[in-house]
Amino acid sequence: MAVNLVIVESPAKAKTIEKFLGKDFTVKSSFGHIRDLSKKNFGIDIENGYKPRYIIPDDKKKVVEDLDKSAKKADTVWLATDEDREGEAIAWHLFEVLDLKSEKAKRIVFHEITKEAIMKAIANPRHVNTELVDAQQARRVLDRLVGFELSPVLWKKVKPSLSAGRVQSVAVRLLVEREREILSFKSSSSFRVTAFFETENDNNKRSEFKAELPKRFPTADKALEFLKKCSGAVYTITGINTKPSKKSPPAPFTTSTLQQEAGRKLGFSVARTMSLAQRLYESGKITYMRTDSLNLSDSALAAAAGIIKSEFGDKYVKIRKYKTKSRGAQEAHEAIRPTYPGNKNEGSNSDEQRLYELIRKRTIASQMSDALMEKTNVTISISNAEENFIASGEVLKFDGFLKVYTEWADEDQEENGKGLLPPMQKGDHPRALKINATERFTQHPPRYTEASLVKKLEELGIGRPSTYAPTISNIQNRGYVAREDRPGKERKYTVIELDSSNNVTENIQTEIAGKEKSKLVPNDIAMVVNDFLMTHFNDILDYNFTASVEKEFDDIAEGKLSWPEMIDKFYTPFHKKVEETLETSQKRKGERLLGVDPERGKNVYVKIGRFGPMAQIGDSDSEEKPRFAALRKDQRLETITLKEALDLFILPRKIGEYENKDVYAGIGRFGPYIRHDNKFVSLKKDIDSPYTIELDRAIELIEEKRKTEREKIVRVFDKPEGLSVLKGRWGPYISYKKKNYKIPKDIDPSKLDSEDCLEIIENQQKKRGKGKSSGSKTRTKK
């Protein structure tokens with residue numbers, strides 16, 4: 001009997017594949033890459049053609065030993081890692097490390113984990129594609145060289161512990177440039193005129209509809225002048241223009257479109273989407289999730305057509321074959337789709353199920369008929385003015401794919417969109433119920449969300465499906481960018497109204513403007529680092545350069561370019577620029593002189609310090625030591641004013657006395673606080689400010705914390721000192737010598753004595769030490 005060893009890169013994938021293979025096959029996981037680049041000298045032998053220096057990390061040595069033993073016993077080793085370049089590289093590393101022979105090792109790929117796909121792959125094996133491996137190695141080597149050479153420059157010239165990367169720094173540049181557009185944006189207002197009309201048909205049935213003036217007025221006076229013209233005017237329908245339109249379904253998901261739509265519809269981060277998709281793929285529910293192909297297999301098309309016919313009828317079916325625009329898409333053969341489209345619900349938890357449903361609906365909809373609509377524009381003249389009102393409406397004549405799926409953009413348009421218009425005829429005279437001139441404001445460009453940043457990176461040709469999620473995670477984890485919600489601010493606006501009795505009124509209303517959710521916001525350090533890199537390494541941050549590198553990786557994957565030559569062409573001038581920058585460039589701190597402190601007569605600066613953005617009173621080279629204060633999270637080096645900077649130095653501030661002891665407000669390591677009797681009380685986020693909080697509110701917070709502390713205590717023992725039973729977030733527990741111990745569920749915490757507590761502690765310490773319970777049983781008091 002032949003012995004077959006199948007090696008994949010994850011335990012979950014191994015478990016699923018094992019179900020489809022017989023006893024002749026053993027399936028094992030390599031737990032990802034089994035080799036990594038050494039950190040010594042970048043892990044690259046630059047003098048020897050940029051040859052990578054690979055090592056087996058300590059945590060992978062046992063994995064390699066186990067795989068090596070199994071491989072030696074096997075007649076055939078099947079390398080079944082993922083079908084993209086990274087998967088090809090993992091297969092090559094396995095081939096090298098396990099010292100496999102070509103006649104014994106076979107490479108198989110499949111884009112879905114089903115029995116049919118696996119058996120077809122086994123029947124059609126191939127060798128490891130070294131050109132795909134070369135493309136992956138080129139990416140790793142280039143990214144390692146850029147990151148390992150640029151990061152130390154930032155440590156010396158900007159701030160310790162910073163990092164740079166070929167793709168990550170370009171992503172930060174996009175965010176910084178958008179943020180500066182927003183900071184420099186000056187909003188302007190104009191007046192939008194909306195009329196509310198009423199018509200009456202032959203049966204005396206009245207219907208209302210809305211129309212808008214195509215032009216806007218720059219001032220309230222101009223808007224008022226127009227409304228006065230409308231006073232007593234006769235309105236006539238002078239034109240009705242109706243034309244058919246259609247909307248086609250979106251293509252099935254690629255990696256980037258899945259990330260975008262899951263972010264918009266389901267609220268998932270890019271990393272969350274990819275984690276869920278990975279699990280669905282490895283459990284055999286969907287096809288491979290890192291792809292930029294739009295292709296669907298013939299079997300998938302047939303399955304989708306069958307489902308559409310059975311559920312909606314023949315007229316809803318329209319088989320489509322989408323063309324992929326991305327040049328590198330040949331490495332993955334299909335779009336993301338369910339492996340069995342007939343299964344409506346799949347996934348081990350609610351988030352997996354929601355993502356699966358989104359993928360399935362998108363796949364089905366892509367093979368459905370167009371939605372057919374009828375758009376109508378009605379022109380309404382004004383007897384006393386040259387302008388015309390325009391009423392627009394839309395009628396859905398045939399829903400087509402909308403029966404199953406609407407894109408997020410469509411849903412957004414529906415909420416703000418065009419409704420139905422009542423029956424009207426040319427020459428009719430609708431009656432104006434009221435006409436409003438409402439002040440509207442121009443809006444700054446929107447900040448990027450994770451989804452819109454992925455879309456922009458893809459448009460610019462930066463990165464590949466496998467790089468979007470780690471890039472966006474990296475720029476957040478490394479402290480350049482935060483994902484923030486912004487509550488917005490109250491804003492006043494003017495509404496001028498002409499009512500049906502021709503009376504004009506003007507009133508001031510309020511709205512919340514600038515509210516944002518889950519937007520990516522770069523901080524001051526991101527801006528300073530971006531400016532430094534743009535000054536000294538603008539070619540690395542050039543969008544065209546980053547996109548052209550991706551094309552070169554494609555050339556390497558197609559065997560058209562030697563990767564060492566590609567690296568050498570880049571690295572030689574790059575390394576020279578790094579050395580020049582280290583020698584000649586000045587330190588970049590983003591420093592700004594705001595003015596002079598009127599109280600002390602000293603200069604006030606803001607800049608990047610060792611621990612982040614800060615304000616400074618006094619010059620660094622003066623005899624008297626300068627004073628420093630950290631900027632608040634909502635403050636920026638580029639926009640903070642002298643007064644705002646000086647206000648930072650009033651903390652900690654004394655706000656009064658309570659119980660004959662001083663009460664202070666300040667900002668510390670863990671945020672804003674109140675300090676009283678050497679005890680700290682946190683201020684409530686988005687409610688209290690250390691700059692404005694008054695004594696009464698501070699006392700309220702102090703007493704609130706005292707009450708919580710009292711309720712937390714169940715029992716305190718005199719002996720041994722420090723032994724107590726407390727209530728915590730996850731239930732009661734024992735606290736002793738700064739360590740916590742869980743109380744078994746069948747024990748009443750209020751009836752424990754010190755001996756019981758020590759016995760529970762002793763038992764749990766033994767379990768922690770030996771991994772199993774030993775010693776006497778705990779007495780139960782109920």
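The structure this text deals with has already been given above.
Rules and cut-offs
Residues numbered from 1 in each chain as written. Predicted model: local features only at pLDDT ≥ 70, side-chain atom pairs only at ≥ 80, totals over all residues. Heavy atoms only, no water. Helix = DSSP H or I, 4+ residues; strand = E, 2+ residues; numbered from the N terminus. Buried < 20%, exposed > 50% of the residue type's maximum accessible area, 1.4 Å probe, protein only. Areas by Shrake-Rupley, 256 points an atom, 1.4 Å probe, with all protein chains shown as cover. Lys, Arg positive; Asp, Glu negative; His and termini not counted. Charge placed at Lys NZ, Arg CZ, Asp CG, Glu CD. Salt bridge = Lys/Arg side-chain N within 4 Å of Asp/Glu carboxyl O. Axes fitted to C-alpha atoms, helices over the stretch in contact; angles between N-to-C directions. Parallel < 35°, antiparallel > 145°, perpendicular 65-115°, else oblique. Left-handed = near helix turned anticlockwise from the far one by under 90°. Contact = heavy atoms within 4.5 Å. Nonpolar A, V, L, I, M, F, W, Y, C, P; charged D, E, K, R; others polar. Pairing = 2+ DSSP bridges. Phe/Tyr/Trp six-rings, centres within 6.5 Å; stacked < 30°, edge-to-face > 60°. 1 Å grid on protein atoms, 1.4 Å probe; cavity = no way out; pocket = protein on both sides within 12 Å on 5 of 7 lines; lining within 4 Å. Points joined across faces, edges and corners; volume = space filled by probe spheres on them. Expected span 1.5 Å × (residues − 1). Arc of directions from axis to C-beta.

### Quick notes on the overall build of the protein chain
Part 1 of the reasoning: Helix and strand content of the protein chain: 20 helices and 30 strands.
Part 2 of the reasoning: Overall, the C-alpha framework of the protein chain stretches about 95 × 85 × 75 Å when taken along its three principal axes.
Part 3 of the reasoning: Counting the 782 residues in the protein chain, one finds 47% classified as buried.
Part 4 of the reasoning: Element-wise, carbon and sulfur atoms account for 47% of the exposed surface of the protein chain, whose accessible area totals about 41,600 Å².
Part 5 of the reasoning: Across the protein chain, the centroid of the 140 positively charged side chains sits 4 Å from that of the 120 negatively charged ones.

### What to know about the pattern of salt bridges
Part 1 of the reasoning: Taken as a whole and judged by the stated rule, the model has 59 salt bridges.
Part 2 of the reasoning: With a closest N to O distance of 2.9 Å, D688 and R697 form a salt bridge.
Part 3 of the reasoning: Three or more residues are tied together by salt bridges with common partners; here these are E9, K13, D82, D84 and R290.

### Here's the deal with the packing of helix α8 (residues 255-266) against helix α13 (residues 450-459)
Part 1 of the reasoning: At a minimum axis separation of 8 Å, α8 and α13 run at an interaxial angle of 160°. If you check the angle between α8 and α13, you find them roughly antiparallel. For the pair α8 and α13, the sense of crossing is left-handed. For the pair formed by α8 and α13, the contact residues are S256, Q259, Q260 and R264 on the first element and A451, V454, K455 and E458 on the second.
Part 2 of the reasoning: Residue composition of the contact of α8 with α13, by class: two nonpolar, three polar and three charged.

### Examining the sheet that holds strand β27 (residues 713-716)
Part 1 of the reasoning: In space, the four strands of this open sheet follow the order β27-β28-β29-β30, with antiparallel pairing throughout. If you trace the sheet from one side to the other, it starts and ends with β27 and β30 (739-742), each paired once. This sheet shows a mean twist of 30° between the axes of neighbouring strands, independent of strand direction.
Part 2 of the reasoning: Contacting β27, β28 (724-728) and β29 (731-736), helix α19 (residues 695-712) runs over the sheet at an angle of about 60° to β27.

### A look at the packing of aromatic side chains
Part 1 of the reasoning: Taken as a whole, this structure holds 16 aromatic pairs when the rule is applied.
Part 2 of the reasoning: For the ring pair Y50 and Y571, a centre distance of 5.9 Å and an interplane angle of 80° mean the geometry is edge-to-face. Placement of Y50 in the loop between β4 (44-45) and β5 (51-52) and of Y571 in helix α17 (residues 563-584) is noted, with a sequence separation of 521 residues between them. Pair check on accessibility: Y50 and Y571 agree, each one buried.
Part 3 of the reasoning: Here the aromatic rings of F226 and F389 are separated by 6.2 Å at their centres, their planes lie at 65°, and the arrangement is edge-to-face. In this pair, F226 is assigned in helix α7 (residues 220-230) and F389 in strand β13 (residues 388-398), connecting sequence segments 163 residues apart. Take F226 and F389: they sit in the same class, and that class is buried.
Part 4 of the reasoning: Each residue in the set Y50, F537, F545, F570, Y571 and F574 is aromatic and connected to the rest through ring pairs, giving one cluster.

### Looking at empty space enclosed by the protein
Gaps between atoms show up when a probe of the same size as a water molecule is rolled over them.
Part 1 of the reasoning: Under the criterion given, the structure shown has one cavity of 30 Å³ or more.
Part 2 of the reasoning: As a volume, the largest cavity reaches approximately 60 Å³.
Part 3 of the reasoning: Lining the largest cavity are S163, Q168, S169, V172, Y480, A526, V529, N530, L533 and L541.
Part 4 of the reasoning: Secondary structure elements with two or more residues in the lining of the largest cavity: α6 (168-184) and α15 (524-536).

### Overview of helix α10 (residues 298-312)
Spacing of three or four residues puts side chains on the same side of an α-helix, whose turn is 3.6 residues.
Part 1 of the reasoning: Helix length check: α10 (15 residues) gives 21 Å between terminal C-alpha atoms against 21 Å at 1.5 Å per residue, within 8%.
Part 2 of the reasoning: Every buried residue of α10 is listed here: A300, L301, A304, A305, I307 and I308. Angularly, the buried residues of α10 cover 165° about the axis, an arc narrow enough to put them on a single face. Exposed and oriented more than 90 degrees from the buried face of α10 are D298, S299 and S310.
Part 3 of the reasoning: Close packing links the buried residues of α10 with α11 (350-365).
Part 4 of the reasoning: Downstream of α10 by one or two residues, G313 has phi in the positive range, about 105°.

By themselves, these are just geometric observations and shouldn't be taken as functional.
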